[in-house]
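The residues making up each chain are set out below.
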Amino acid sequence: MSLTNRQRKALLKQIPAQPRTPKVADAKPKIAAAPVRKTGLEWLFSKKRITANQLKAGTTYGKDFRLVAISGLEPIKSCIASDATGGSSGSRILASKAEHNIEAHRRLDAARAAIGFHTGMTTAIDAVCGKQLTPREVHPNQREAEKFEQTLRIALDLLHTHYRLTEWMRRA
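Parameters at a glance
Residues numbered from 1 in each chain as written. Predicted model: local features only at pLDDT ≥ 70, side-chain atom pairs only at ≥ 80, totals over all residues. Heavy atoms only, no water. Phe/Tyr/Trp six-rings, centres within 6.5 Å; stacked < 30°, edge-to-face > 60°. Helix = DSSP H or I, 4+ residues; strand = E, 2+ residues; numbered from the N terminus. Buried < 20%, exposed > 50% of the residue type's maximum accessible area, 1.4 Å probe, protein only. Contact = heavy atoms within 4.5 Å. Core = buried A, V, L, I, M, F, W, Y, C linked by side-chain atoms within 4.5 Å. pLDDT = per-residue confidence, 0-100.

Engineer: What am I meant to see in the packing of aromatic side chains here?
Structural biologist: For any pair of aromatic rings, the description consists of the separation of the ring centres together with the inter-plane angle of the planes. Per the stated rule, a full pass over the model turns up one aromatic pair. Taking 6.4 Å as the distance between ring centres and 25° as the angle between the ring planes, the aromatic pair formed by Tyr61 and Phe65 counts as stacked. You can see Tyr61 and its partner Phe65 sitting in helix H4 (residues 52-69), four residues apart, about one turn around the helix. The residues Tyr61 and Phe65 share a single accessibility class, namely buried.

Here it is in structure tokens:
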């Protein structure tokens, strides 16, 4: 026995509707989450184009690059940062920040020396690791982006070896 659409609708109307229990998720307004932009290194790693060691080396280089890039900024002084005599401990904060920036400059120079100050490799790691761009953002052309990515992988391998050796020398 097959029912027509009219009969089916009449039967559905006879069934009492059950009250819907509100869920916790229904109580909050749904707001679309903003898409999170991946950095160039994260994007390459998610596509399995670089290894975990290369990601670690690139992240380390990127931290030093960005620290050196903002090293000209002065830290904010506060009245809370004063000692009991009424003098300011801000000079100690500035000195430690300056030492930290100098050390970041040294690490960055040593990393660039590890890749032999090769212009193409330095450009690649500065753009992807430091400025967090993807290879396609640097070179919109597919062929150029692939060449750029290959240069980047070589530079990241050299950086990984450099960071591994410097870590070993610190332990010794």
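Moving on from the model shown.
Engineer: It is not clear to me how unusual backbone geometry should be interpreted in this structure. Could you clarify?
Structural biologist: Note: most residues except glycine have negative phi, and most peptide bonds are trans. One non-glycine residue, Lys48, adopts positive backbone phi at about 60°. As for its placement among the helices and strands, Lys48 is situated in the loop between helix H3 (40-46) and H4. Notably, Phe117 is not glycine yet its phi reads approximately 50°, a positive angle. If you trace the backbone, Phe117 turns up in the loop between helix H5 (90-114) and helix H6 (119-130). Owing to a relative accessible area of 54%, Phe117 belongs among the exposed residues under this scheme.

Engineer: I'm lost on the environment of Phe65 in this one. Help?
Structural biologist: A relative accessible area of 16% places Phe65 in the buried class. For the pair Phe65 and Asp109, spaced 44 residues apart in sequence, the C-alpha separation works out to 9.9 Å. If we ignore the near neighbours within four places in the chain, the residues touching Phe65 are Leu108, Arg112, Asp126, Gly130 and Lys131.

Engineer: Got a minute to help me understand the nonpolar core in this structure?
Structural biologist: For soluble globular proteins, the rule of thumb is that nonpolar side chains tend to be buried together. Residues Tyr61, Ile125, Leu152, Leu156 and Leu159 are the most contacted members of the largest nonpolar core, which totals 24 residues. Taken together, the elements giving at least two residues each to this core come down to H3, H4, H5, H6 and helix H8 (142-171). For Leu159, the residues in contact, after removing those within four places along its chain, are Ala57, Tyr61, Ala111, Ile115 and Ile125.

Engineer: Explain the confidence of the model for the protein here, please?
Structural biologist: Atomic detail in the predicted coordinates should be set aside for any region of low pLDDT. Averaged over every residue, the pLDDT of the protein is 81; residues scoring 70 or more account for 75%. The weakest mean pLDDT in the protein belongs to helix H2 (residues 24-27) at 54; the strongest belongs to H6 at 95. This model gives residues 74-87 a pLDDT under 50, and the stretch forms 13 contacts once residues within four places in sequence are excluded.

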